[in-house]
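Residues per chain are reported as follows:
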Amino acid sequence: MFAPRTLIAAVIAALSLVTACSGGTADGTAALPGGAELTKKSAEAMRSVKSVAFTMETEGTPPVPVKKAGGRLSETGDADGTIQIELAGNLQEITFVLIGETVHFKGVTGGFQKMSRSQLASIYDPSAILDPARGIVQLMTNALDPKTQAEEKVNGTDAYRISATLSQKVLATMVPGLVQNVEGTLWVDKATSRLLKADLPLNGGKVIVVFRDYDVPVRVTAPAE
């Protein structure tokens with residue numbers, strides 16, 4: 001028969017072997033992938049995105065002029081949606097249709113007018129989101145000290161939550177008005193590695209950006225004149 005100490009040692013050795021073979025941690029939970037690995041995979045996954053729907057909302061009073069935005073975007077840079085922007089202390093809502101270098105836009109009243117893409121970009125440039133040289137690809141590529149915090153769901157999708165220092169230069173193309181790096185939180189799809197959500201704390205509040213409907217066909221058409 002085993003002596004008690006021998007039996008205990010044998011049990012501990014067996015449990016250690018099972019844990020090692022299962023790839024789990026000491027408390028029985030699966031080890032989370034590293035933050036650097038996840039942000040790299042996300043940057044690669046975002047390069048092949050064909051279209052996306054997005055929303056950007058503020059909570060509190062963060063120092064950014066665009067308070068809310070949402071719409072659809074194709075890989076060519078065409079987009080449609082709405083922007084709520086603070087101008088001279090008043091909140092104005094603009095509906096926009098961006099096709100090529102032309103932007104059709106209108107306020108709450110009146111018909112559509114036109115401006116150039118560069119004029120819209122000075123306010124808010126949704127086409128930057130999927131641009132590999134400016135948008136999410138660069139955000140994930142330049143994320144500093146990314147750390148995987150947990151595994152959780154975002155709108156029903158399994159995701160990894162990652163904390164990271166995010167580049168002001170990159171973020172400002174998607175959230176105008178940012179003047180410094182942001183200690184943000186990112187959620188990436190566990191299955192596809194695509195970015196699902198970004199939480200960006202700022203002085204006075206935060207900006208939350210959500211992405212959905214990846215690769216759902218987007219056809220942007222000019223409004224009737």
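Residues numbered from 1 in each chain as written. Predicted model: local features only at pLDDT ≥ 70, side-chain atom pairs only at ≥ 80, totals over all residues. Heavy atoms only, no water.

### Some remarks on the overall build of the protein
Here comes step 1: The helix and strand inventory of the protein stands at five helices and eleven strands.
Here comes step 2: Across the 225 residues in the protein, those meeting the buried criterion constitute 42%.
Here comes step 3: Taking contacts inside the protein between residues at least 6 apart in sequence as the whole, the part at least 24 apart equals 50%.
Here comes step 4: Accessible area for the protein stands at about 12100 Å²; split by element, carbon and sulfur atoms hold 54% of it. (Helix = DSSP H or I, 4+ residues; strand = E, 2+ residues; numbered from the N terminus. Buried < 20%, exposed > 50% of the residue type's maximum accessible area, 1.4 Å probe, protein only. Contact = heavy atoms within 4.5 Å. Areas by Shrake-Rupley, 256 points an atom, 1.4 Å probe, with all protein chains shown as cover.)

### Observations concerning the sheet that holds strand β1 (residues 51-60)
Here comes step 1: Spatially, eleven strands are ordered β6-β5-β4-β3-β2-β1-β11-β10-β9-β8-β7 in an open sheet, and the strand pairing comes out antiparallel. For this open sheet the edge positions go to β6 (113-116) and β7 (144-154), each flanked by a neighbour on one side alone. Neighbour to neighbour, the strand axes of the sheet diverge by 20° on average, direction disregarded.
Here comes step 2: Note that β1 and strand β2 (residues 66-74) share seven bridges and pair antiparallel. By the bridge assignment, Phe-54 is partnered in β2 with Gly-71. (Pairing = 2+ DSSP bridges. Axes fitted to C-alpha atoms, helices over the stretch in contact; angles between N-to-C directions.)

### Comments concerning the environment of Val-66
Here comes step 1: The topology assignment puts Val-66 in strand β2.
Here comes step 2: The sequence separation of Val-66 and Glu-86 amounts to 20 residues, and the corresponding C-alpha distance is 6.4 Å.
Here comes step 3: In this structure, Val-66 is in contact with Met-56, Thr-58, Ile-83, Gln-84, Ile-85, Ile-123, Tyr-124 and Pro-176, ignoring residues within four places of it in sequence.

### Comments concerning the side chain of Ser-51
Here comes step 1: Position of Ser-51 among the secondary structure elements: in strand β1.
Here comes step 2: Engagement of the side chain of Ser-51 in a polar contact is seen with the backbone oxygen of Val-216, the distance being 2.5 Å.
Here comes step 3: Apart from the residues lying within four places of it in its own chain, the contact partners of Ser-51 are Leu-73, Ser-74, Leu-130, Asp-213, Tyr-214, Asp-215, Val-216, Pro-217 and Val-218. (Polar contact = N/O pair within 3.5 Å; in protein donor to acceptor, adjacent residues only side chain to side chain.)

### Observations regarding the pattern of salt bridges
Charged atoms that come close allow side chains of opposite charge to pair.
Here comes step 1: Throughout the structure, instances matching the rule amount to 13 salt bridges.
Here comes step 2: Between Asp-80 and Arg-72 there is a salt bridge, with its nearest N and O atoms 2.8 Å apart.
Here comes step 3: On the basis of relative accessibility, which here comes to 17%, the residue Asp-80 falls in the buried class.
Here comes step 4: Between Lys-206 and Asp-199 there is a salt bridge, and its shortest N-O distance comes to 3.0 Å.
Here comes step 5: Look at Lys-206 and you get partly exposed, because its relative accessible area is 25%.
Here comes step 6: Asp-199 sits in the buried class, given a relative accessible area of 11%. (Salt bridge = Lys/Arg side-chain N within 4 Å of Asp/Glu carboxyl O.)

### Re the confidence of the model for the protein
Any region with low pLDDT has predicted coordinates that should not be read closely.
Here comes step 1: Put simply, the protein has an average pLDDT of 87, and 86% of its residues get 70 or more.
Here comes step 2: In this model, residues 6-29 is a region of pLDDT below 50 whose contacts with residues beyond four sequence positions or in other chains number eight contacts. (pLDDT = per-residue confidence, 0-100.)

### Points about the side chain of Thr-58
Here comes step 1: Inspection of the secondary structure puts Thr-58 in strand β1.
Here comes step 2: One polar contact links the side chain of Thr-58 to the main-chain carbonyl oxygen of Lys-67, over a distance of 3.1 Å.
Here comes step 3: For Thr-58, the residues in contact, after removing those within four places along its chain, are Val-64, Val-66, Lys-67, Lys-206 and Val-207.

### Digging into the pairing of strand β9 (residues 182-189)
Here comes step 1: When you tally the buried positions in β9, you get seven out of eight residues, the bulk of the element.
Here comes step 2: In terms of strand pairing, strand β8 (residues 157-166) meets β9 through eight bridges, oriented antiparallel. Paired with Thr-165 across the strands is Glu-183, a residue of β9.
Here comes step 3: In this structure, β9 lies alongside strand β10 (residues 195-202), joined through four bridges in antiparallel fashion. Counterpart to Trp-187 in the pairing with β10 is Lys-197.
Here comes step 4: Linkage of β9 to β10, two consecutive antiparallel strands, is achieved through a turn of five residues, within which Ser-193 is found at a positive phi near 70°.

### With respect to empty space enclosed by the protein
The gaps of empty space that remain are located by a probe, the size of a water molecule, rolled over the atoms.
Here comes step 1: Taken as a whole and assessed by the stated rule, the structure comprises two cavities of 30 Å³ or more.
Here comes step 2: Approximately 100 Å³ is the volume attributed to the largest cavity.
Here comes step 3: Of all elements in the fold, only α4 (136-141), α5 (168-174), β10 and β11 (205-212) reach the threshold of two or more residues within the lining of the largest cavity.
Here comes step 4: No other element matches β10, which puts three residues into the lining of the largest cavity.
Here comes step 5: If you add up the space inside the second largest cavity, you get close to 40 Å³.
Here comes step 6: Ile-83, Ile-94, Phe-96, Val-103, Phe-105, Met-115, Leu-120 and Ile-123 together form the lining of the second largest cavity.
Here comes step 7: Mapped onto the lining of the second largest cavity, the elements with two or more residues apiece are β4 (90-99) and β5 (102-106).
Here comes step 8: For the lining of the second largest cavity, a count of residues per class yields eight nonpolar, no polar and no charged. (1 Å grid on protein atoms, 1.4 Å probe; cavity = no way out; pocket = protein on both sides within 12 Å on 5 of 7 lines; lining within 4 Å. Points joined across faces, edges and corners; volume = space filled by probe spheres on them. Nonpolar A, V, L, I, M, F, W, Y, C, P; charged D, E, K, R; others polar.)

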